[in-house]
Every structure is written in structure tokens, then in C-alpha cells.
Amino acid sequence: MLIVCADQARVESDLAAGLLSCPSCWGVLARWGYGRDRVLRCLTGDRVLRPRRARCRGCLGTHVLLSEQGLLRRRDEVSVIGAAIEANVAGLGSRRIARGLGVPADTVRGWLRRFAERAGLVRAHFTRYVVALDPEVGPVLPAGGIVADALEAIAVAGRAWVLRFGPAGPWPVASRLSGGLLCNTSSLFPVLW
Ligand SMILES: [Zn+2]
């Protein structure tokens with residue numbers, strides 16, 4: 001599993017040019033059919049995505065290339081999940097956030113609980129990326145709590161990404177840099193770009 005750009009034409013040309021790396025061994029990925037269709041609930045309505053599958057020329061492992069708009073095993077767009085996290089750090093409760101985003105309160109509670117459980121890990125992971133992307137950008141400053149600190153690290157990493165690669169939303173960048181595992185139980189591991 002690998003998180004890639006939402007632009008499918010770009011993914012195709014990157015695969016053809018051998019620019020995408022295997023998340024297991026960093027070998028070159030080549031096209032290998034498609035994964036199952038996936039419905040992503042977005043702020044603008046449901047979108048059906050047909051994820052590309054790729055096979056590593058080195059280890060022969062196959063990987064599904066998920067769009068940076070989503071997270072692994074989450075039906076909602078990462079920007080929606082991110083908006084819930086931001087609203088929670090700003091002091092809103094899960095019921096009010098759920099009403100604002102039009103998703104069930106239990107779903108929002110699940111995102112917030114998982115993110116809070118992983119906040120220390122997320123902060124450390126994204127702080128490493130800040131340094132890797134732009135050593136000049138300065139430290140990630142304490143934001144007043146472990147969850148707020150994790151959010152701050154994501155925001156600073158997002159800014160460092162934009163300075164290096166050009167315009168991008170902070171949450172799609174967060175999906176990429178977490179390998180889609182921002183709100184998951186798996187451990188976070190470094191991802192190349
Ligand atoms: Zn490989």
C-alpha cells in the first residue's frame with residue numbers, strides 16, 4: 001500500500017517513468033492492474049475511486065496505490081477527518097463537529113480517539129519530516145497539549161512540503177507522509193516522496 005497523488009494521469013506517467021518506489025524495499029514499481037473500486041465520502045459528495053495496483057520489480061510484491069485524498073480503511077476524505085481534528089483542538093465537541101460535517105457522531109468520536117491515542121507518535125513522525133523537508137523551517141513549537149502538538153507538527157510539515165514541492169493541502173500531505181496511517185493502529189514508518 002502506497003499513498004500517491006490524487007491526479008491519476010500523473011500517477012500513470014510516474015509509474016511509466018519508474019518514479020514510484022516500493023514501500024517495502026524501495027524498488028521500482030510498475031503497473032499491475034487495478035484494486036477494487038472504493039467510495040470516498042468527500043465534502044463535495046461521494047467519489048468512486050479505482051485505485052491502481054503496482055508490482056515491485058525488486059521484491060515482486062504488489063501494492064495498491066491509494067489517493068492522497070483518503071486514509072487506509074477510512075471511508076471519509078482525509079480533509080474531512082482533518083477538519084474534525086482541527087475543530088476538536090479549537091475546543092468543539094464531537095457532536096457539534098459531526099453536525100457541521102454531516103457525519104455520524106460515533107464516526108467523529110472514532111477519528112478523534114484514534115488520533116489522540118497516536119498523538120505522541122504522530123508529533124514525532126511529522127517533526128522528523130519537518131527536518132527532512134526543510135531544516136530551515138525551525139522547530140515545531142508546543143501548542144498546549146499532546147493533540148494540539150501533533151496538529152502543529154502536521155501543519156508545519158505541510159508548510160515545509162509546499163515550500164519544497166509547491167501547492168498542496170495540508171491533509172493530503174499528511175496522508176502521504178503517514179502512508180495513509182494517520183488514524184490507524186499500525187505503526188508509522190518513514191515514507192519517501
Ligand atoms: Zn519491493
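Here, every reference points to the structure presented above.
Structure report, in brief. (Residues numbered from 1 in each chain as written. Predicted model: local features only at pLDDT ≥ 70, side-chain atom pairs only at ≥ 80, totals over all residues. Heavy atoms only, no water.)

1. Concerning the pairing of strand β3 (residues 38-42)
Next up, step 1: Of the two faces of β3, only one is covered, namely that formed by R38, L40 and C42; the face formed by V39 and R41 stays uncovered.
Next up, step 2: Of the pairings in the sheet, the one linking β3 to strand β4 (residues 45-49) comprises 5 bridges and is antiparallel in character. The residue bridging R38 from the neighbouring strand is L49, located in β4. (Buried < 20%, exposed > 50% of the residue type's maximum accessible area, 1.4 Å probe, protein only. Helix = DSSP H or I, 4+ residues; strand = E, 2+ residues; numbered from the N terminus. Pairing = 2+ DSSP bridges.)

2. Some remarks on the side chain of S67
Next up, step 1: Here S67 shows up in strand β6 (residues 62-67).
Next up, step 2: Of the residues examined, S67 reaches a relative accessible area of 12% and is grouped as buried.
Next up, step 3: Not counting residues within four places of it along the chain, the set of residues in contact with S67 comprises I3, V4, A6 and L49. (Contact = heavy atoms within 4.5 Å.)

3. Looking at the coordination of the zinc ion
Next up, step 1: The coordination sphere of the zinc ion contains the protein donors C22 (SG), C25 (SG), C56 (SG) and C59 (SG), at a distance range of 2.3 to 2.4 Å.
Next up, step 2: Here the donor residues of the zinc ion share one chain and are spaced in sequence as C-x2-C-x30-C-x2-C. Residue C25 is located in the loop between α1 (8-16) and β2 (29-34), and its partner C56 is located in strand β5 (residues 52-56); the two are separated by 31 residues in the primary sequence.
Next up, step 3: For C25, a relative accessible area of 36% translates into the label partly exposed. (Donors = N, O, S within 2.8 Å, 3.2 Å for Na, K, Ca; no water.)

4. Here we look at unusual backbone geometry
Next up, step 1: Backbone geometry places W26, a non-glycine residue, at a positive phi of 65°.
Next up, step 2: With respect to the helices and strands, the residue W26 is situated in the loop between α1 and β2.
Next up, step 3: We note that R73 has phi near 60°; this positive angle belongs to a residue other than glycine.
Next up, step 4: Along the chain, R73 turns up in the loop between β6 and α2 (78-89).

5. Brief notes about the nonpolar core
Next up, step 1: Counting residues in hydrophobic clusters, the biggest one holds 41 residues, and the most contacted among them are F126 and L182.
Next up, step 2: Here this core takes 8 residues from helix α6 (residues 146-165), the largest share from any one element.
Next up, step 3: What L182 contacts, discounting residues up to four positions off in sequence, is L71, F115, R118, V122, F126, I154, W171 and A174.
Next up, step 4: With 11 residues, the next largest nonpolar core counts C5, V11, L15 and C22 among its residues. (Core = buried A, V, L, I, M, F, W, Y, C linked by side-chain atoms within 4.5 Å.)

6. A word on the pattern of salt bridges
Next up, step 1: Scanning the entire structure with this criterion turns up 8 salt bridges.
Next up, step 2: Residues R52 and E12 are paired through a salt bridge, measuring 2.9 Å at the closest nitrogen-oxygen approach. Taken as a pair, R52 in strand β5 and E12 in helix α1 lie far apart in primary sequence, 40 residues in all.
Next up, step 3: Across the salt bridge formed by R50 and D37, the nearest N and O atoms sit 4.0 Å from each other. Placement of the pair is R50 in the loop between β4 and β5 and D37 in the loop between β2 and β3, with a sequence separation of 13 residues.
Next up, step 4: On the accessibility criterion, R50 (46% relative accessible area) is partly exposed.
Next up, step 5: Given the relative accessible area of 52%, D37 is considered exposed.
Next up, step 6: Counted as one network, the salt bridges with shared partners bring together E12, R31 and R52. (Salt bridge = Lys/Arg side-chain N within 4 Å of Asp/Glu carboxyl O.)

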